[in-house]
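# Structural description and commentary
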2 protein chains.
Amino acid sequence: MATTTTTSDRPLRRDAERNRQRILVAAHEAFAEDGLSVTLDEIARRAGVGVGTVYRRFPDKDQLIDALFEHQMGEFVALAEECLTDAAPWDGLVRFLEQACASHACDRGFKEVALSGTHGLERVARARQLMFPVVSRLVARAQADGSLRADVAATDIPLLQVMLGTLSECTRDVEAGVWRRYLMLVLDGLRTSRDTPTPLPHEALTPEQTQRTMSAWKHSSR
Amino acid sequence: MATTTTTSDRPLRRDAERNRQRILVAAHEAFAEDGLSVTLDEIARRAGVGVGTVYRRFPDKDQLIDALFEHQMGEFVALAEECLTDAAPWDGLVRFLEQACASHACDRGFKEVALSGTHGLERVARARQLMFPVVSRLVARAQADGSLRADVAATDIPLLQVMLGTLSECTRDVEAGVWRRYLMLVLDGLRTSRDTPTPLPHEALTPEQTQRTMSAWKHSSR
DNA sequence: ATAGAAGTGGAGGCTATGTCTCCACTTGTT
DNA sequence: AACAAGTGGAGACATAGCCTCCACTTCTAT
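Residues numbered from 1 in each chain as written. Chains lettered and ligands numbered in written order. Predicted model: local features only at pLDDT ≥ 70, side-chain atom pairs only at ≥ 80, totals over all residues. Heavy atoms only, no water.

Take the overall build of chain A next. A tally of regular secondary structure across chain A gives ten helices and zero strands. Put simply, of all contacts in chain A between residues at least 6 apart along the chain, 66% involve residues at least 24 apart. When the accessible surface of chain A is split by element, carbon and sulfur atoms take 52% of a total near 9900 Å². Mean positive and mean negative side-chain charge positions of chain A (28 and 31 charges, respectively) differ by 5 Å. (Helix = DSSP H or I, 4+ residues; strand = E, 2+ residues; numbered from the N terminus. Contact = heavy atoms within 4.5 Å. Areas by Shrake-Rupley, 256 points an atom, 1.4 Å probe, with all protein chains shown as cover. Lys, Arg positive; Asp, Glu negative; His and termini not counted. Charge placed at Lys NZ, Arg CZ, Asp CG, Glu CD.)

So, about the relation of the copies chain A and chain B. Superposition record for chain A on chain B: RMSD 0.1 Å, screw rotation 180 degrees, translation along axis 0.0 Å. Interpreted geometrically, this transformation is the action of a two-fold axis. Comparing interface residues between copies, 100% of those in chain A also lie at the interface in chain B; the contact surface is shared. (Least-squares fit on C-alpha atoms with pLDDT ≥ 70 in both.)

In this section: the protein's contact with DNA strand C. In the vicinity of DNA strand C lie 20 residues, with A:Arg13, A:Asn19, A:Gly50, A:Thr53 and A:Arg56 positioned nearest. Backbone atoms, meaning sugar and phosphate, make up 64% of the atoms of DNA strand C lying within 4 Å of the protein. One of the side-chain nitrogen or oxygen atoms of A:Arg56 is found 3.0 Å away from a phosphate oxygen of DNA strand C. A distance of 3.3 Å is found between a base oxygen of DNA strand C and a side-chain nitrogen or oxygen belonging to B:Arg13. Sorting the residues of the surface near DNA strand C by element identifies α1 (14-34) and α3 (51-57) of chain A together with α1 (14-34) and α2 (40-47) of chain B as the ones contributing at least two each. Counting residues per element, the surface near DNA strand C draws most heavily on α3(A), which supplies five residues. For the surface near DNA strand C, the class distribution of residues is six nonpolar, six polar and eight charged. (Near = heavy atom within 4 Å. Polar contact = N/O pair within 3.5 Å; in protein donor to acceptor, adjacent residues only side chain to side chain. Nonpolar A, V, L, I, M, F, W, Y, C, P; charged D, E, K, R; others polar.)

Our next topic: the nonpolar core. A:Ile43, A:Phe96, A:Leu190, B:Ile43, B:Phe96 and B:Leu190 are the most contacted members of the largest nonpolar core, which totals 140 residues. Residue contacts for B:Leu190: discarding those within four places in its chain leaves A:Leu185, A:Arg194, B:Trp90, B:Leu97, B:Ser147, B:Leu148, B:Arg149, B:Val152 and B:Leu160. (Core = buried A, V, L, I, M, F, W, Y, C linked by side-chain atoms within 4.5 Å. Buried < 20%, exposed > 50% of the residue type's maximum accessible area, 1.4 Å probe, protein only.)

In this section: the protein's contact with DNA strand D. Near DNA strand D you find 20 residues, and of these B:Arg13, B:Asn19, B:Gly50, B:Thr53 and B:Arg56 are the closest. When atoms of DNA strand D within 4 Å of the protein are split into backbone and base, the sugar-phosphate part holds 67%. One of the side-chain N or O atoms of A:Arg13 is found 3.3 Å from a base oxygen in DNA strand D. B:Arg13 is positioned such that a nitrogen or oxygen atom in its side chain is 2.7 Å from a base nitrogen of DNA strand D.

Here we come to the packing of aromatic side chains. Evaluated as defined, the whole model comprises six aromatic pairs over all chains. Each ring, one from B:Phe76 and one from B:Phe110, has its centre 5.7 Å from the other, and the planes form 65 degrees; the classification is edge-to-face. With a gap of 34 residues between them, B:Phe76 in helix α4 (residues 61-83) and B:Phe110 in helix α6 (residues 108-116) connect regions that are remote in the sequence. No difference in accessibility class separates B:Phe76 from B:Phe110, as the two residues are buried. Through a chain of ring-to-ring contacts, the aromatic side chains of A:Phe76, A:Phe96 and A:Phe110 assemble into a single cluster. (Phe/Tyr/Trp six-rings, centres within 6.5 Å; stacked < 30°, edge-to-face > 60°.)

Moving on to the interface of chain A and chain B. Many authors give the size of an interface as the accessible area that is lost as the parts come together. Contact residues are listed per partner, giving 62 residues for chain A and 62 residues for chain B. Together chain A and chain B conceal approximately 5100 Å² of surface at their shared face, both sides included; 57% is due to carbon and sulfur atoms. A:Asp188 is paired through a salt bridge with B:Arg149; the nearest N and O atoms lie 2.8 Å apart. There are 21 residue pairs in polar contact (both at pLDDT 80 or more) connecting chain A and chain B. (Buried area = accessible area lost by both parts, 1.4 Å probe. Salt bridge = Lys/Arg side-chain N within 4 Å of Asp/Glu carboxyl O.)

Bringing the environment of A:Cys106 into the picture now. Mapped onto the secondary structure, A:Cys106 falls in helix α5 (residues 89-106). Distance from A:Cys106 to A:Arg172, taken between C-alpha atoms, is 8.7 Å for residues 66 residues apart in sequence.

With that out of the way, let us pick up the packing of helix α6 (residues 108-116) of chain A against helix α8 (residues 156-171) of chain A. Axis angle and axis distance: for two packed helices, these are the angle between their axes and the distance between the axes, and together they describe the pair. Residue and element names in this part refer to chain A. In the contact formed by α6 and α8, the axes pass within 11 Å of each other and the chain directions differ by 160 degrees. As the angle between them shows, α6 and α8 are arranged roughly antiparallel. Relative to α8, the crossing made by α6 is left-handed. Facing α6, whose interface residues are Arg-108, Lys-111 and Leu-115, α8 presents Gln-161, Val-162, Gly-165, Thr-166 and Glu-169. The class makeup of the residues in the contact of α6 with α8 is two nonpolar, three polar and three charged. (Axes fitted to C-alpha atoms, helices over the stretch in contact; angles between N-to-C directions. Parallel < 35°, antiparallel > 145°, perpendicular 65-115°, else oblique. Left-handed = near helix turned anticlockwise from the far one by under 90°.)

Moving on to the pattern of salt bridges. Any two side chains of opposite charge can pair, on the condition that their charged atoms come close. Scanning the model with the defined rule gives 36 salt bridges over all chains in all. Overlapping salt bridges bring together A:Glu29, A:Glu33, A:Asp34, A:Glu42, A:Arg45 and A:Arg46 as one network.

Now for the side chain of B:Asp156. Within the secondary structure, B:Asp156 sits in helix α8 (residues 156-171). Residue B:Asp156 is classed as buried on the basis of its relative accessible area of 0%. A polar contact of 2.7 Å, which involves the side chain of B:Asp156, links it to the side chain of A:Arg181. Apart from the residues lying within four places of it in its own chain, the contact partners of B:Asp156 are A:Arg181, A:Tyr182 and A:Ala204.

This paragraph deals with the packing of α4(B) against α6(B). All names here are of chain B. The interhelical angle for the contact between α4 and α6, taken along N-to-C directions, is 80 degrees, at an axis separation of 10 Å. In this view, α4 runs roughly perpendicular relative to α6, as classed from their interaxial angle. On α6, the residues that touch Ile-65, Phe-69, Gln-72, Met-73 and Phe-76 of α4 are Gly-109, Phe-110, Val-113 and Ala-114. Partitioning the contact of α4 with α6 into residue classes produces seven nonpolar, two polar and no charged.

Residue and element names in this part refer to chain A. When the terminal C-alpha atoms of α1 are compared, their 30 Å separation across 21 residues agrees well with the 30 Å that a helix rising 1.5 Å per residue should span. Among all positions in α1, only Ala-16, Asn-19, Arg-20, Ile-23, Leu-24, Ala-26, Ala-27, His-28, Ala-30, Phe-31 and Ala-32 are buried. Looking at the packing, one finds that the buried side of α1 touches α2 (40-47), α3, α4 (61-83), α5 and α6. Taken from the residues just after α1, Gly-35 is the one with a positive phi, measuring 85 degrees. (Expected span 1.5 Å × (residues − 1).)

Purely geometric numbers; function is a separate question.
Below you can see the structure in the form of structure tokens.
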């Protein structure tokens, strides 16, 4: 977190720097809980500073988002690269997908930055572009190995993440862990072959939970 | 379409009835293309009438939605029931899922009504509740048959539809048919076992298409 | 201790978007 | 022709987010 960024000329005054950190922390929390649509007013409230202070430090929301998520995106690319070195290619791919879903499930802001192309600035965009080649290699490796079906493409991966991300978002308030169940279902669809269903790692929702999930679910508006 | 509803006392004047139909048609089109979030002003514009006319005929948006989708929901329940009579239980389930996804892909409004619990009134809500038992039987039948894995539950079905619906929504402007690809992937995850991947019914997106998809994708706001 | 540079808060201006009302006017019906 | 029924669409109202402005406070260098 907390890049020391700023096109620094003079260092910030001590209290100003402290406020800057508070804003970053508050923004991260707020984005994680409510997504990138939270207002800067809300972030200011959480940080215990005035809106003016937020706007002085970050000319607009994208600057703030960029400063916040550059690091996190970088870390994630590193993780993907690490998965590339797993002994079993299939396990590497699974670990990557699991990690991605887990991050998206507990940090809506990160999910939106990683999965949507619209937000953030150059730094974040650059990190995003670093992902594709790594994912391609994860896919190719698992296919060469015979464990991943040959007819999926690297471009399927982000779309699967969108699907699973939506799911974890709309169930998060009802039963936070169910996404694992659907990830496993999808993984069983991605295997080249299997004799028996892989045990699902989470109970199905009850009908009541399902209903609560659906009625809370807000569609995107465009 | 076009229920003749209204707690009719006097029948509407001829021109008024004609306008009412126009509104219903325009609303259906608008909802299908842009989702339930279209404004009544927009619907009026499309119908070629003034907003006032819309509001006189339908006190608010939910009344309009209810009048529009009651029929469509009923039809869909009927289709589900028909799938229950397919010779092969697995095929019945697949046909149901395919139909559902197809309807959702070409009618955003219907998708939102069917999948979200928030919209419409009693009539639509009632139709929605009719679905669950039918889906339960579709699932049970395919499981009894051994084709559908034993560890999925009826409640998984609507959530899979949410996942696939999201996908078809975010790809619709880039490559309208890809949702079939992901449905098949999911289906291959739902089978009890298989030796080889079922051929996917649609090409993967190109990297460029994927990028376009992601950058157009708007997240839900809550 | 103090001057003045640096920083602050939050009311409020501005824009955008959507819902719904109102009533002078038009149209259909008998 | 008479009048009930219906109409359009400007605009009142509400909400909500972005961002500015400036009188005031706080820091820090001397």
